[in-house]
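Below, each chain spelled out in residue letters.
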Amino acid sequence: MNASGWLGAYARELGTDAPTPDEFKTLLDLAAEAAHSSERVAAPVACWLAARAGRSPDDALELARAVAPSGEEAGR
């Protein structure tokens, strides 16, 4: 089973919709931001925190980028 199939099945079990392709990409970007700005384990927890706070993936990514250590944004 690929990621899309697994996430679709998991979303159904949770009683919600799976992410759209754009949301999926943004969530991967959020996870990457967290992992590259700190440690890899921050990636899934950052996504969980965003969901717990009720933030959209786009909003969560923007906030995560604001938390990046000084100079991290220059490489993008």
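Look up: the structure comes first, before these words.
First, a word on what this report is: a plain description of the structure on this page. Being a predicted model, the structure only gives us computed values, none of them experimental.

**Thoughts on the pattern of salt bridges**
This model, assessed by the stated rule, comprises three salt bridges. Among the ionic pairs, D59 bridges to R55, the shortest N-O distance being 2.6 Å. Residue class for D59 comes out partly exposed when judged on its relative accessible area of 26%.

**Topic: the nonpolar core**
Among the nonpolar cores identified, the biggest contains five residues, and these are L30, A50, A60, L61 and A64. Looking at this core, the element that brings in the most residues is helix 4 (residues 57–67), giving three residues. If we ignore the near neighbours within four places in the chain, the residues touching L61 are T26, D29, L30 and E33.

**Observations concerning the layout of surface pockets**
Estimated volume of the largest pocket: approximately 630 Å³. Lining the largest pocket are 19 residues, with L7, P19, L27, C47 and A51 sitting closest to its centre. At the level of elements, helix 1 (3–14), helix 2 (21–37) and helix 3 (42–52) are the ones that each hand at least two residues to the lining of the largest pocket. Tallying contributions element by element places helix 2 first for the lining of the largest pocket, with five residues. Split into classes, the residues belonging to the lining of the largest pocket amount to 14 nonpolar, two polar and three charged. Its boundaries defined by the atoms lining it, the second largest pocket holds a volume of some 260 Å³. If you go around the second largest pocket, you meet 16 residues; those closest to its centre are L30, A46, A60, A64 and V67.

Conventions and cut-offs
Residues numbered from 1 in each chain as written. Predicted model: local features only at pLDDT ≥ 70, side-chain atom pairs only at ≥ 80, totals over all residues. Heavy atoms only, no water. Salt bridge = Lys/Arg side-chain N within 4 Å of Asp/Glu carboxyl O. Buried < 20%, exposed > 50% of the residue type's maximum accessible area, 1.4 Å probe, protein only. Core = buried A, V, L, I, M, F, W, Y, C linked by side-chain atoms within 4.5 Å. Helix = DSSP H or I, 4+ residues; strand = E, 2+ residues; numbered from the N terminus. Contact = heavy atoms within 4.5 Å. 1 Å grid on protein atoms, 1.4 Å probe; cavity = no way out; pocket = protein on both sides within 12 Å on 5 of 7 lines; lining within 4 Å. Points joined across faces, edges and corners; volume = space filled by probe spheres on them. Nonpolar A, V, L, I, M, F, W, Y, C, P; charged D, E, K, R; others polar.

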